[in-house]
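Secondary and tertiary structure notes
If you want the building blocks of each chain, they are given just below.
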Amino acid sequence: MKRSLLATAWTTSRARRGISALAAAVALCAVPATHAQQQIPSKVDIDFDRFYTADEMEAQLRRLANAYPQLCHLEQYGTSSLGRPMWMLIINNPKTGAEGTKPGMYIDGAIHANEIQSGETVLYTAWYLLKAHGQVPKLTEIVDRTTFYLIPLVNPDGRVNWFSKPNTPNSARSGQVPTDNDGDGLFDEDGPDDMNGDGNISTMWRRDPLGTHKRDPRDPNKMVAVPAEPRADGTREYGDWSFAGQEGFDNDGDGSTNEDDAGGYDMNRNFPSGWQPVNVQGGAGKYPLCFPETKSIVDFVLKHPEIAAAQAYHNAGGMILRGPGAQSRERDYPRQDVAVYDRIQDTGAQMLPFYKSMVIWKDLYTVHGGLVNWMAEGEGIISLTNELWNDKRMMQNGQEPTEEDRKLWNERMLFGQTQVPLQELVHPDYGTVLVGGGSKYSSRIPPPFMLEEEAHRNFAFTMFHADQLPLLRWESVETKQVSPGLWEVTATIANDRLIPTRTARAAEKRIGYPDELHLTGAPVATAGLLRSRLDRSFEAQDFRPAELRVERGVPGQGSLAARFLVTGAEGTPITLKYTAEKAKAIETSVKLGESTIKADPAAASAAPGAASKPAPATGAPPKE
Amino acid sequence: MHTFVIASIVLAAQASPTAPQAPVPAAPAAPAAPAPEPIVLPVERRNSAGLATAIDALRSRFPTLISARQLATSVGKLPIPMLVLSSDAAQADARPGILLVAGMEGPRWSAGEAALVAAEVLARDHADLLKQVTIYVVPRANPDAGEAFSATLLRDYSGNAYPHDNDRDHKFDEDPPIDLNGDGFITQMRLAGAKPPWSNPTVVADAADARLMKKPDATKGQTPVYTLWNEGIDADADGRIGEDWKGGINIDRNFPHRWVEFEDEAGAYPLIAPESKALADFVIANPRIVAAVILGRNDTMVNVPDGKAKTDAGIAAMLDEADVAPYAEVAKAYREALGQKRAASNDTAGSFLAWMNAQRGVPTFGAQLWGRPDVPPKEAAKGGPADGAKDAAKDAPKDSAKDAAKDPPKPAPEAAKPEAPAAVTEGARPEGARPEGARPAGAAPPEGARRGQRGPRGGMGGPTAGPRRAEASTEAPKPMDEDDAAWLAYSDQVRGGIGFVPWTKTPHPQLGEVEVGGWVAGFKDNPPLPEVRPLGEKTGAFLAKLAEFRPVVELREPTLTVMGPGLYRINAELANTGRLPTIERGGRAEGVTPAHVVRISPPVERIKSGRRTDIVRGLDPGEVRAYDWIVAASPEELVEVQLLFAGAPLKSFAFRDGVRVDAPAAPPAAAGRPPAPEFSAPRTPQPQPPSSTPIPTSAKGGAK
């Protein structure tokens, strides 16, 4: 009852959204836990039970950008290999700070163009965040303190190919720069061919009196292997058909079929950290970032050091992957960073049915030059890749579907839509062939009716990731007189989220700029970082002590302590400012003689009179 | 030889009055034949306008053989010119090519000069070769560094003009090294007993020569005495001195093979420097380049790689073992041509050289032009004079002081005064006299050497600590870095002391008084000016020789045997009759670079035996691939055996009805992609720089 009233109030207040949003937010907080998701209106209706071509995707981004100009804008961050504009939607609320003044999260999809639902997942993220801003308190808060850089289609050329040309669930993964895969000096001259004209590349079976397979008499679209074991009487059974590979011809007459398809490289093996040439890593490209698609992203990220989290969506398998991609780079993931990854990934495994938290090289396969690897290892960004969709979603019981289960799923749930009936055709080299099988939608991609759920769950998990971006506050500022006119100013800065302002990787490799803690308003005699607020001595920063450099930043769910010795009269106002590339700066002012927390009066005083108090035997000597 | 003498005379005549008066190597009596007038007169530290003038001169002297293109524009907006030596500019890219690259570093000015001279020599003496082979010459691949070094202030640095905040304080180039003593060089500063907040001492003076700094030998109870800095001040009050200078990316650390992530000079990612990328893209776009030579810091000519070093991923660090033998032959030819016996070894991580061999498979050679020359053996061991000569003399053989007197550099007057801080050598410091706050021996690198920043060269000893002389011994102490000591001897005895600025007391606004001194930038990198043209001539001759070594892929005349009605056996051979592989192992992976393709025309179903298409990724010198096809063909059908490269037919043989017939005319070989824009020289006439800004021979304390 209460809920429906609220919903009504909400609907009628749409015209006064700015004011009512806050009221609604407050009111919603009071609502007991519910199971249904609040239906929130959007200025742009987008269906998430369908997939979008590159042009349609661009049009949807444009609609969003036009509908929410105060919250987002569309930026062309580059031009693809074949000359298509590459689009990024940037979501930022300028009222809470310009881009670059708050932490950023980068989210992309479809660098492998065949992994199509990753594009819709990014589009869903944009759509949901924009409509929820001002309506859902949690998401409003996330949007207000974060800049989102969203690229639905990293590889628009491949997207165009996948939708407009015959493909398999695995093809058009590559960018589309003509590439001489077989080294014969010709480019893309022998790709597969859509012999039956159905828009898919499926499989071929050639007629063969000594065949390995026969058609299932009850289901002529099913090929059944004949046993290689002789019958009891010693004779051997043969089928009528043998597998003849992917649908296509030997277009260049070199004796191999379909060996030089469009493109033929892997842009997610083309990023700098740990990049290896093609004799180690297939598809790596001739050098790191040789493709405009990859280079534009890296150049953008290098210009946006506020990016502290990243998600690059792929399909398939239901995985939440982190690096390293190769065992040799294990040492590039310091223990402290791994702890952050573990917390985020494990949460993902709870939120995403049948998804597993995994490490790329250990649990999947070795990858050199992946985007998330560069983000994590080269830039110190907490970066993940979700492999969207898991076939267990077909099942009620969460088991891996059997061959029979898949057949029933296709027949009963999809009405046979992803299967192309076998058709007899004449092949110039093979004679009679059967062509057919799974369409390009037949694996890796959720059926449209499940797309929205898949997109929402992954969006929700990625918002959990975004919510872990560093958020700083002053935990304490204490001033204590050491001697007349000399003050000890001790400050602690807390970060309540999981991601530190500087990852251990960033600190170790001195990536980007260190954080800085500045004190102004009184002359600083010396200053240094403390291991804890209660430490009595510090290692002095000898030069420019009023501008402490904090290479290690503020840890996740922890705090940083620092102390300044300043001179000045009691009551002198001083200002402290903490700046970080990956967190919103914070500033506070106190007067000498004031403290924001009440120290234990029994604790050792810094006053000269107390200095004679013997140090505990266990007390560590001041660090030299 | 005659050209050699004339060139030397011409050079001597045009050399500036203050140019080093190093002895011109004695030449045998010249024959009477007149020598052609040299076009390129090497100069020290040519600026980009001077480079354009030289290129213009070469082009106008050899208009039919030399053209120029602009490879790219540097970060500092300077052109990167490339000379194209070919009898037919339009066909140049369709012929086998050899690439010569110089000028990747700033201080090594002689490499670019030698490259220009080599271009002249090739056009002058090898016009016939240029009908078959195209030679590309990039005299200055890193024009920003070259331009910086053509200015008046010399510094050992090779970055391009890419902005870089070295000390990560949000300010760019705010604390550059400064020439405190006004000698025109950025050298080093040392201070004994520096105390916090300034960096603690890390080194001691080497007893063998107090000018040389070395790590203290902790096993002998030595403790650090000196702190070393770049010459400069702490302009930004961060406690570090001269640590944030202009630039940049060292383009020869910015290539993808063994690129060093997070090294300051290596760039944010491989080929981010437009200069590096231009070279890489040029090589990739021109698969007919069969070999390359890089005149620069890396040497593979004297110390030929053995092919054993591997990367973490298990591929060749430079060269595969199987490619070493032919490679070594070229290196030998180079040594014979240039006479170089000694070479410095440098780290090739991220270099153009390593990338070319290991990832492109193009045989590419690193040449330093010259190495440290010999000095008379009995002189070599002596320490040169310097401030601190007193201590050096104490530990050195008896005649050292006498040597010091007769063999300048003359110590600066104030250094000779008794109150001047004498260098504290390793033997002179009392045991246990550890300065306040001293770190353990050898613990700290010199200021500026952190995070991959290259410290000032030559300040520290070599990687291994040499044995220290016994306290009681009368033997001369052995220098920790014998190579540095030998350079010093060469500088002192042959070059009038121009290579090393003696440590000299200089007031410092923050440290009080320091000593400024150290190696002169570029001294070890460049031969004396008069030797440059002869070395360039020899480089040109060597390149002609290298062109003769090039791989030559031949499809030999096939034979045909009739095996039955309409059934033929056709045998053919593909051979590399050159002395280099077509592609080294590093470039043989599928799709790296176009392969040679041998194919036979009938469709696959009528090729009863043999493969219709053979993709040949790499053919070693002397390697022969035999083809044995059995084909069924109708009497009227033309059966063709073809060799192709990069999609274009190179050679074709045809049979009809079992009889050899003329092959159908092949279309002309593809001429490659459209040429790069013509190089247009900046038209502002500018005098050559050297006469105004030579390396002074009279660098403080130099020979008079």
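Everything here concerns the structure above.
This write-up is about the structure you can find in this document.

Calculation notes
Residues numbered from 1 in each chain as written. Chains lettered and ligands numbered in written order. Predicted model: local features only at pLDDT ≥ 70, side-chain atom pairs only at ≥ 80, totals over all residues. Heavy atoms only, no water. Helix = DSSP H or I, 4+ residues; strand = E, 2+ residues; numbered from the N terminus. Buried < 20%, exposed > 50% of the residue type's maximum accessible area, 1.4 Å probe, protein only. Contact = heavy atoms within 4.5 Å. Pairing = 2+ DSSP bridges. Salt bridge = Lys/Arg side-chain N within 4 Å of Asp/Glu carboxyl O. Axes fitted to C-alpha atoms, helices over the stretch in contact; angles between N-to-C directions. Buried area = accessible area lost by both parts, 1.4 Å probe. Polar contact = N/O pair within 3.5 Å; in protein donor to acceptor, adjacent residues only side chain to side chain. Nonpolar A, V, L, I, M, F, W, Y, C, P; charged D, E, K, R; others polar. Core = buried A, V, L, I, M, F, W, Y, C linked by side-chain atoms within 4.5 Å. Expected span 1.5 Å × (residues − 1).

Let's talk about the overall build of chain B
Across its full length, chain B holds 13 helices and 22 strands. Classification of the 704 residues of chain B by burial places 60% in the buried group. A sequence separation of at least 24 residues applies to 74% of the contacts in chain B between residues at least 6 apart.

Things to note about the pairing of strand E18 (residues 524–530) of chain A
All names here are of chain A. Here E18 runs beside strand E21 (residues 558–567); their pairing, made up of six bridges, is antiparallel. Looking at the pairing, leucine 529 lines up with alanine 562 of E21. Sheet analysis places E18 next to strand E19 (residues 539–540), joined by two bridges and oriented antiparallel. Looking at E19, one finds that glycine 528 is bridged to alanine 540.

Focus: the pattern of salt bridges
Taken as a whole and assessed by the stated rule, the structure comprises 73 salt bridges over all chains. Taking the shortest distance from any N to any O, the salt bridge between glutamate 551 of chain A and arginine 168 of chain B comes out at 2.8 Å. In this pair, glutamate 551 of chain A sits in the loop between strand E20 (547–550) and E21 while arginine 168 of chain B sits in the loop between helix H4 (143–149) and strand E5 (188–192), so the two residues belong to two different chains. For lysine 524 of chain B, the salt bridge goes to aspartate 484 of chain B, with nearest N and O atoms at 2.7 Å. A residue pair is termed long-range when its members are at least 10 positions apart, and lysine 524 of chain B in the loop between strand E12 (512–519) and helix H13 (529–549) and aspartate 484 of chain B in helix H12 (residues 482–493) qualify at 40 residues. By relative accessible area, lysine 524 of chain B is classed as buried at 18%. Here the salt bridges do not stand alone but share partners, grouping Glu115, Arg173, Asp266, Arg269 and Arg444 of chain A into one network.

Quick word on the sheet that holds E5 of chain B
Residue and element names in this part refer to chain B. Overall, antiparallel pairing links the four strands, which are arranged E8-E5-E12-E11 in an open sheet. One side of each edge strand has no neighbouring strand; the edge strands of this open sheet are strand E8 (226–230) and strand E11 (500–508). Taking the axes of each pair of neighbouring strands and ignoring which way they run, one obtains an average angle of 30 degrees across the sheet. Looking at chain direction, E5 and E12 are connected through three bridges and run antiparallel. Bridge pairing in E12 links methionine 189 to valine 516.

Observations regarding the sheet that holds strand E22 (residues 573–580) of chain A
Backbone hydrogen bonds hold the strands of a sheet together, and the pairing may be parallel or antiparallel. Residues and elements named next belong to chain A. Strand order in the open sheet formed by four strands is E20-E17-E22-E23, with antiparallel pairing between adjacent strands. Only two strands of the sheet have a single partner each, and these edge strands are E20 and strand E23 (583–591). Each strand of the sheet is rotated relative to its neighbour by a mean of 15 degrees, with strand direction disregarded. For strand E17 (residues 515–520) and E22, the ladder comprises five bridges, and the chain directions are antiparallel. Looking at E22, one finds that glutamate 516 is bridged to threonine 579.

Re the interface of chain A and chain B
At the interface, 47 residues of chain A touch 48 residues of chain B. Taken together, the two surfaces of chain A and chain B that pack against each other cover about 3,600 Å², and 56% of this comes from carbon and sulfur. Considering only the side of chain A, the residues that lose the most area to chain B are Tyr287, Tyr513 and Phe543 of chain A, jointly responsible for 20% of the buried surface there. Linking chain A to chain B there are three salt bridges. Across the contact surface, chain A and chain B share 16 residue pairs in polar contact (both at pLDDT 80 or more). Among the elements that make up the side of chain A that touches chain B, the one with the highest residue count is helix H7 (residues 292–302) of chain A (four residues). Of the residues assigned to the side of chain A that touches chain B, the class counts are 15 nonpolar, ten polar and 22 charged.

Details of the nonpolar core
Core analysis: the largest hydrophobic core is formed by 151 residues, its most contacted members being Tyr106 of chain A together with Leu83, Leu99, Leu295, Phe352 and Leu546 of chain B. Residue contributions to this core peak at eleven residues, all from helix H3 (residues 109–125) of chain B. The contacts of leucine 99 of chain B, once residues within four sequence positions are left out, are Tyr136, Val138, Phe282, Val283, Ile289, Ala291, Ala292, Val293 and Phe352 of chain B. Counting 59 residues, the second-largest nonpolar core is a separate cluster that includes Ile46, Leu74, Ala126 and Phe459 of chain A.

What about helix H6 (residues 324–338) of chain B?
The terminal C-alpha atoms of H6 of chain B, which comprises 15 residues, lie 21 Å apart, in line with the 21 Å expected from a rise of 1.5 Å per residue. Where H6 of chain B is buried, its residues meet helix H7 (352–360), strand E10 (364–367) and H13 of chain B.

Examining unusual backbone geometry
Residue and element names in this part refer to chain A. Residue alanine 316 is bonded to the preceding asparagine 315 through a cis peptide linkage, with omega at 5 degrees. Along the chain, glycine 323 connects to proline 324 via a cis peptide bond; the corresponding omega equals 0 degrees. Within the secondary structure, proline 324 sits in the loop between strand E10 (319–322) and helix H8 (335–351). Within the chain, asparagine 258 stands out as a residue other than glycine whose phi angle is a positive 60 degrees. Note that asparagine 258 resides in the loop between strand E8 (239–246) and H7. Given a relative accessible area of 13%, asparagine 258 falls into the buried group.

Thoughts on the environment of valine 330 of chain B
Residues and elements named next belong to chain B. You can see valine 330 is positioned in helix H6. In sequence terms valine 330 and alanine 127 are 203 residues apart; their C-alpha atoms lie 22 Å from each other. In contact with valine 330, not counting residues within four places along its chain, are Phe365, Phe542, Leu546, Phe549 and Leu580.

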